[in-house]
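Structure at a glance
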Amino acid sequence: MLSYTEKIREIAGRLLASGAVDMVIGFRQGTIPMMNEPHFAKTPAEAAKLMWDSHCGINLANYLTDRKERIGIVAKGCDSRNIVTHIIENKIKREQLVVIGVPCRGMVDKRKIAMKCPGEITEVIENETGLTAKGNGFSQAFEKKDVLQHNCSLCIHRNPVIHDEMVAPPVEEQKDVDRYADVRAVEAMNPEQRWKYFEDLLSPCVRCHACRNACPLCYCPTCFVDESRPQWVGKGQDASDVRTFHFLRAYHCAGRCTDCGACERACPVGINMRVFTKKLEKDCLDLFGWEAGLSPEVRPPLDVYRPNDPNDFIK
Amino acid sequence: MRNPYLPYPVRIDAISVETEDKNLKTFKFVFLNPADEQKFAYKAGQFAELSVAGKGEIPIGIASSPTEKGFAMFTVNKVGLVSSFLHSMKVGDVMGLRGPMGNWYPWERMEGKNVVIIGGGFAFTTLRSSIIYMLHPDNRKKFKDIHVIYGARTPGMLLYREELADWERRDDIHMHITVDGTSDPNWKYNVGFVPAITEKKAPPAGNDTYAIVCGPPIMIKFTQPVLDKLGYPHDKIIMSLENRMKCGIGMCGRCNIGKEFVCKDGPVFTLEQLNQTPREY
Amino acid sequence: MKTIKIEKSQWASGLEKASKAFRLIGPVKEKEFHSFKPLTNGAQPDLTCLNTRLSPKSLVYPQSEVMFNYSLDEGREDHHQMKEAAKDYSPKAVIGIRPCDAKAFALVRMNFDTPDYQDPYWLRAYESTTWVGLGCTSPCSSCFCTSAGCGPYHEEGLDVLLADAGDHYLAKILTEKGATFIDAAGWKAAAPKDADKALAAMRAAAEAKITSFVQTDRLKALPNNDLYSASFWEDVSFACINCGTCTYSCPTCWCFDIQDETRGTSGVRMKNWDSCMYPLFTLHGTGHNPRGTKLHRVRQRFMHKLKYFVDKYDKGIQCVGCGRCVRLCPVNIDIRRVCNMMNGFAASGEACAIE
């Protein structure tokens, strides 16, 4: 994955120099360990700052919404599926994009690494299969597969579904992945257990809305939590309001979420809110055989009516 | 420690519809506790937060003059959640008033000077307060010539029409009322945009002349070059800003522009001060 | 004010005694990070915590606070009138707050305690709290307190400063309130004669460990309008997702919203944290939004913290270098980088693309 940096810089530099795009969106090196900053390059010189490693978990499709320029965009599997969804939902036009596809073996979860280290991590060095985290008086090595973001460990679309260039040959997709073990565990709970589980899960929420803002799908000009006439949801920390925000947001992403994990990555208090979106993703798969963002030619199930749509829930 | 978030309870004493599109209503409030009226003592140019339990608060310029006793008057535009609800309220309803807030037009500095008031649309509320204050027998001799240039889109959109007509008849104030356009053949006053009328009718600039400008951003944008052309120095052009506010007391941070709080260091600023501040209003 | 010695063997029993007169609050580990929580039933503050995930500002200034109650029931005499909500301002003691967070309160106080208005909710909560701080022996790599107006052993805003000296704490009592707390805990042992020297040495050692700095010397003199129209804001703001994490975790951010919430015929008027990062923050009723673009809002945050505040109060930047925004920003926008860009700014021909 580290060799991708060279290729990304080369492609971006070429696209900008030839005037094929107005800007290239990718990542540049972060200022603290295990973080990188989304960056746009408008000149070949700026393109030389682009890089790629296993800490590029933020979904760059988030930066495409309603832009008018011609854009080169670095996209891993999940990002590319969100680009497809954006195209279907008229948030960007295919002709505007040069998709620089990145076959991805997964992003690392910095929280997992931090929990396993005895102190503050001051440096992380990556190699092809693992990383070493160093701090004051310790140095610990990790296999990448042991510290992947949860969604990455279950990923079955590692290769971009659309691309104009690829930085490397496609990687093998994971087979026989049980994507919904955690969803089934919650489905098996009775209502009291489930209530308590959700209560615990959402108790640290401070309504910062980082999850919503990091999500490429959340682009409503006025989010439902911000409406005032009428006001649907309170703005404080009343538990019903917190639950309403998370549940409804998951519903608004139903059939569109690609499980990129940007929401969990962005959350400052470490809430695993993917449990809600995964449930709806499973429902879409079970009811409609649908996976989001695989092809710009196919309309999503909530957009179309088919005579044989499941309707046994209509009583 | 007095709680600055606690409103004085008031009752709606009178409601009148000001404009032909019914979007502006003037409310007269009477304090439930008479002692609160003393605590609410204000100067022309200040504003107050009108508080409606269950809906919220809105910052509105005080339209009544400190010389008018027994009530506080506000003219409210129906624009959002609180103002729409306020428009549906009736005489006798109870609500709250917090204030007075903000600074006021620089009355001390303007003593002995000519005052030119330029207002547009429904920003005229604190200007009404100012005019009544200046025309009061106790105050009139403190000021030299008073000119008022006030315009609205049509005659039916002018505020306080009866009072405008009264002032027009006086000889101690020069009124230049104007509308953008009208099909009324009996319209006796000017027709033209406020900046154009300002250019024609405003007195020449000088060390003895202050201009108070209060209006929608578009009016200000075109009036300011006219005043520049007439030579008004920027420290003698007084403006009153609007901004989104909540606490009104310089704490919640919402109305902050540059290092000022519009609710506390303003809403009255000289143009000289505004030139140092980012255009985020 | 004197310095005393607290043997670590006396620590828990002292806290137990103090808990008769004070509600104790300290850092407690929950899941993967620490938060300030009430210490009930003999729970001990976890003083190994480097710093809490979110700042302790919620102890004085909760995320959601009821200011007033009201009733819409016209059968009641006081209908539609605001009634002050009952509050508990009995003495509290916060154990283990870091000097950066304590200084942050002193900074924020300038906003809530002014000659014209005082915010009773913030002030009463602040003044009824005794701040027992802990000096940092191993500052984090993202801490830049020494160039942000404080430091790992800074005393501003604290009533007692504890320094960990191995088998005991040295406790420097800084105020009357601090002395009252120490008395309530019954800690009396005199400190060794060279205690002040030892403290100074610990302070110097800690300050030497700070590896992160910001330059702020030119900020005051730089013209407002020049900084505002600098061309680097586009680059700074691109990655921002306007989420509010920085403002919520920051101990020196204080913006809030006032909202009424009604259920049936009774309701509350409450204060909630708000953030200049949200588009709604400056939206006028008419639909006009003076900070309608992301660039405007990102620029506002940094200009406010690093320039407007400097201009207004002349007490340095509105930042204590705690590093939380740096660690928590989901897209790694780094205030240290922006501060240095602003400080190093030299007006050139290029201006910002967005007005």
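Residues numbered from 1 in each chain as written. Chains lettered and ligands numbered in written order. Predicted model: local features only at pLDDT ≥ 70, side-chain atom pairs only at ≥ 80, totals over all residues. Heavy atoms only, no water.

A closer look at the pattern of salt bridges
Counting across every chain of the model gives 70 salt bridges over all chains. Ionic pairing is found between C:E65 and C:K87, a salt bridge with its closest N-O pair at 3.2 Å. Of this pair, C:E65 sits in strand 4 (residues 64-71) while C:K87 sits in the loop between strand 5 (83-84) and strand 6 (92-97), and the two are 22 residues apart along the sequence. Across the pair C:E207 and C:R203 runs a salt bridge, and its minimum N-O distance is 3.3 Å. With a gap of 4 residues between them, C:E207 and C:R203 both fall in helix 5 (residues 195-208), about one helical turn apart. You can call C:E207 partly exposed: its relative accessible area is 30%. A cluster of three or more residues bridged by salt bridges with shared partners is formed by A:R179, A:D259, A:E264, A:R274 and A:E281. (Salt bridge = Lys/Arg side-chain N within 4 Å of Asp/Glu carboxyl O. Helix = DSSP H or I, 4+ residues; strand = E, 2+ residues; numbered from the N terminus. Buried < 20%, exposed > 50% of the residue type's maximum accessible area, 1.4 Å probe, protein only.)

Quick word on the domain arrangement of chain A
All names here are of chain A. Split by domain assignment, chain A resolves into domain 1 (1-106 + 156-174) and domain 2 (178-302). Taken together, the contact pairs 22 residues of domain 1 with 21 residues of domain 2. Area buried by domain 1 at its contact with domain 2 is led by N62, R81 and I88, which between them contribute 29% of it. Between domain 1 and domain 2 we count 1 salt bridge in total. A salt bridge links E89 to R256; the shortest N-O distance between them is 2.7 Å. The tally of links from domain 1 across to domain 2 stands at 8 residue pairs in polar contact (both at pLDDT 80 or more). Considered class by class, the residues forming the side of domain 1 that touches domain 2 number 10 nonpolar, 9 polar and 3 charged. (Domains from an automatic or database assignment. Contact = heavy atoms within 4.5 Å. Buried area = accessible area lost by both parts, 1.4 Å probe. Polar contact = N/O pair within 3.5 Å; in protein donor to acceptor, adjacent residues only side chain to side chain. Nonpolar A, V, L, I, M, F, W, Y, C, P; charged D, E, K, R; others polar.)

Comments concerning the nonpolar core
Counting residues in hydrophobic clusters, the biggest one holds 201 residues, and the most contacted among them are A:I25, A:I83, B:Y5, C:W233, C:F302 and C:M342. Ranked by size, the runner-up nonpolar core spans 39 residues in total, among them B:I132, B:I146, B:L158 and B:Y160. (Core = buried A, V, L, I, M, F, W, Y, C linked by side-chain atoms within 4.5 Å.)

Quick notes on the packing of helix 9 (residues 239-252) of chain A against helix 11 (residues 274-288) of chain A
All names here are of chain A. Orientation of helix 9 relative to helix 11, taken along the N-to-C sense of each, is 35°, at an axis distance of 9 Å. Where helix 9 crosses over helix 11, the handedness of that crossing is right-handed. On helix 11, the residues that touch H246, F247, A250 and Y251 of helix 9 are F276, T277 and L280. Along the lines of polarity and charge, the residues of the contact of helix 9 with helix 11 split into 5 nonpolar, 2 polar and no charged. (Axes fitted to C-alpha atoms, helices over the stretch in contact; angles between N-to-C directions. Left-handed = near helix turned anticlockwise from the far one by under 90°.)

Quick look at the domain arrangement of chain C
All names here are of chain C. When cut into domains, chain C gives domain 1 (3-57 + 85-209) and domain 2 (224-354). Its C-alpha centre places domain 1 at a distance of 28 Å from the equivalent point of domain 2. Contacts between the two partners involve 26 residues from domain 1 and, on the opposite side, 27 residues from domain 2. When domain 1 packs against domain 2, the two sides together hide about 2,200 Å² of surface, and 64% of this comes from carbon and sulfur.

Some details on the state of the cysteines
In this structure the tally under the stated criterion is 0 disulfides over all chains. Free cysteine B:C263: the closest other cysteine sulfur is in B:C255, separated by 3.6 Å. With no disulfide of its own, C:C276 has C:C255 as its nearest cysteine by sulfur position, at a separation of 5.9 Å. (Disulfide = S-S within 2.5 Å.)

Notes on the interface of chain B and chain C
Taken together, the contacts link 44 residues of chain B with 51 residues of chain C. For the pair chain B and chain C, the summed buried area comes to about 4,000 Å², and 54% of that belongs to carbon and sulfur atoms. Of all residues in chain B, B:M1, B:M251 and B:E280 bury the most surface against chain C, accounting for 18% of the area lost on that side. Where chain B touches chain C, the interface holds 7 salt bridges. At the level of secondary structure, the elements contributing two or more residues to the side of chain B that touches chain C comprise strand 3 (47-52), strand 4 (56-61), strand 6 (94-101) and strand 13 (256-257) of chain B. Counting residues per element, the side of chain B that touches chain C draws most heavily on strand 6 of chain B, at 3 residues. Its residues assigned to classes, the side of chain B that touches chain C shows 21 nonpolar, 12 polar and 11 charged.

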